[in-house]
Amino acid sequence: MKCKHIFRRRSGEGTPMILAIMLVLLMLFCAIAEFSRLWIIAQGVKEAAQQAVISTVNDNYDDVYHAVREGYAAGWYPDGTGRWDESIDTGDVYGQLSETLGLENTAGGYQKISGGEVEYTISDLSVVLENNSLGSGQSEGYTALVEIHLVVPVRFLGNLLPAASMTLHTEAKYVPLF
């Protein structure tokens, strides 16, 4: 008898509950959309960094060629006195990222500005080139590692929340085929 009383309500009593459910679903959708935006930005920046690090390895290819003829993959060149000097070029990763992503150089790093607001900031670039030792007899490849710090402002329901901060890591490796 009590069950019948619960299910028999007056017309319009469910409207506040429906509105509350719709509001919660809308907030959930906004949270998912913001997470997707952050993920897409991080993936785009990481792919641009991969492009830049591959370009850096390719820029070093001409110096690696001498060693490849001798059976290694390393960046060394003869200095003319019988010694070999290491030849490494870290490239212009910031320049390539800036060109690819349309970034502006500011005091805090490189920023992507869209519609007058900062979309994200890239800073603390670290480029490490791992060169094989000369005469090692083994070719482990010529590796370039890049780490960058990405900061993306987070917005939710029109409010600015603490920024999402992450370090992106990518690498490229040159290995001779012959």
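For the structure, check the block above.
Asks: Looking at this structure, I do not really get the overall build of the protein. What am I missing?
Replies: Check the secondary structure of the protein and you find four helices and seven strands. In the protein, which comprises 178 residues, the proportion classed as buried is 30%. For the protein, the exposed surface amounts to about 11700 Å²; the carbon and sulfur share of it is 57%.

Asks: What is the right way to look at the pairing of strand S6 (residues 142-156) in this model?
Replies: Consecutive side chains of a regular strand alternate in pointing toward one face of the sheet and then the other. Where strand S5 (residues 117-130) meets S6, eight bridges bridge the pair, whose relative direction is antiparallel. Across the sheet, the residue bridging to Glu130 is Thr143, located in S6. Where S6 lies against strand S7 (residues 159-174), 14 bridges are found, and the strand directions are antiparallel. Residue pairing in the sheet places Glu147 in a bridge with His169 of S7. Between the end of S6 and the start of S7, which pair antiparallel, lie two residues, with Leu157 showing a positive phi angle near 55 degrees.

Asks: What is the right way to look at the pattern of salt bridges in this model?
Replies: Between side chains of opposite charge, a pair can form when the charged atoms approach closely. Here the structure, examined in full by the defined rule, presents two salt bridges. Across the pair Glu34 and Arg37 runs a salt bridge whose closest N-O atoms are separated by 2.7 Å. Residue Glu34 and its partner Arg37 are both found in helix H2 (residues 15-59); the two are separated by three residues, about one turn of the helix. With relative accessibility at 12%, the residue Glu34 sits in the buried group. Accessibility expressed as a relative area gives 23% for Arg37, which makes it partly exposed. In this structure, Arg155 and Glu117 form a salt bridge, with 3.0 Å as the shortest nitrogen-oxygen distance. A residue pair is termed long-range when its members are at least 10 positions apart, and Arg155 in strand S6 and Glu117 in strand S5 qualify at 38 residues. The class of Glu117 is partly exposed, set by a relative accessible area of 44%.

Asks: I'm lost on the sheet that holds S6 in this one. Help?
Replies: Strand pairing in a sheet is mediated by backbone hydrogen bonds. Such pairs are either parallel or antiparallel. Strand order in the open sheet formed by five strands is S3-S4-S5-S6-S7, and the pairing between neighbours is antiparallel. The sheet is open, and its two borders are formed by strand S3 (104-106) and S7, each paired with just one other strand. In this sheet, adjacent strand axes meet at a mean angle of 30 degrees when their direction is disregarded. Sheet strands touched by helix H4 (residues 93-101): strand S4 (109-114), S5 and S6. Its angle to S5, the strand with the most contacts, is close to 145 degrees.

Asks: Could you clarify how one ought to interpret the nonpolar core in this entry?
Replies: Across soluble globular proteins, nonpolar side chains have a tendency to be buried as a group. Counting residues in each nonpolar core, the largest one holds 28 residues, and the members touching the most others are Val45, Leu97, Leu101, Tyr120, Ile122, Ile148 and Leu150. Elements that contribute at least two residues to this core include exactly H2, H4, S5, S6 and S7. If one sorts the elements of this core by residue count, H2 sits on top with nine residues. For Tyr120, the residues in contact, after removing those within four places along its chain, are Ile41, Val45, Leu101, Leu103, Tyr110, Gln111, Lys112, Leu150, Val151, Val152 and Pro153.

Asks: I'm lost on the packing of aromatic side chains in this one. Help?
Replies: For any pair of aromatic rings, the description rests on two quantities: the centre-to-centre distance and the angle between the ring planes. Summed over the entire model, instances satisfying the criterion amount to one aromatic pair. Arranged with centres 4.5 Å apart and planes meeting at 25 degrees, the rings of Tyr94 and Tyr110 form a pair that is stacked. Here Tyr94, found in helix H4, pairs with Tyr110, found in strand S4; they are 16 residues apart in sequence, far enough to count as distant.

Asks: Could you clarify how one ought to interpret unusual backbone geometry in this entry?
Replies: Most peptide bonds are trans, and most residues other than glycine sit at a negative phi. In this structure, Asp124 takes a positive phi of about 55 degrees despite not being glycine. Along the chain, the position of Asp124 falls in strand S5.

What counts and how
Residues numbered from 1 in each chain as written. Predicted model: local features only at pLDDT ≥ 70, side-chain atom pairs only at ≥ 80, totals over all residues. Heavy atoms only, no water. Helix = DSSP H or I, 4+ residues; strand = E, 2+ residues; numbered from the N terminus. Buried < 20%, exposed > 50% of the residue type's maximum accessible area, 1.4 Å probe, protein only. Areas by Shrake-Rupley, 256 points an atom, 1.4 Å probe, with all protein chains shown as cover. Pairing = 2+ DSSP bridges. Salt bridge = Lys/Arg side-chain N within 4 Å of Asp/Glu carboxyl O. Axes fitted to C-alpha atoms, helices over the stretch in contact; angles between N-to-C directions. Contact = heavy atoms within 4.5 Å. Core = buried A, V, L, I, M, F, W, Y, C linked by side-chain atoms within 4.5 Å. Phe/Tyr/Trp six-rings, centres within 6.5 Å; stacked < 30°, edge-to-face > 60°.

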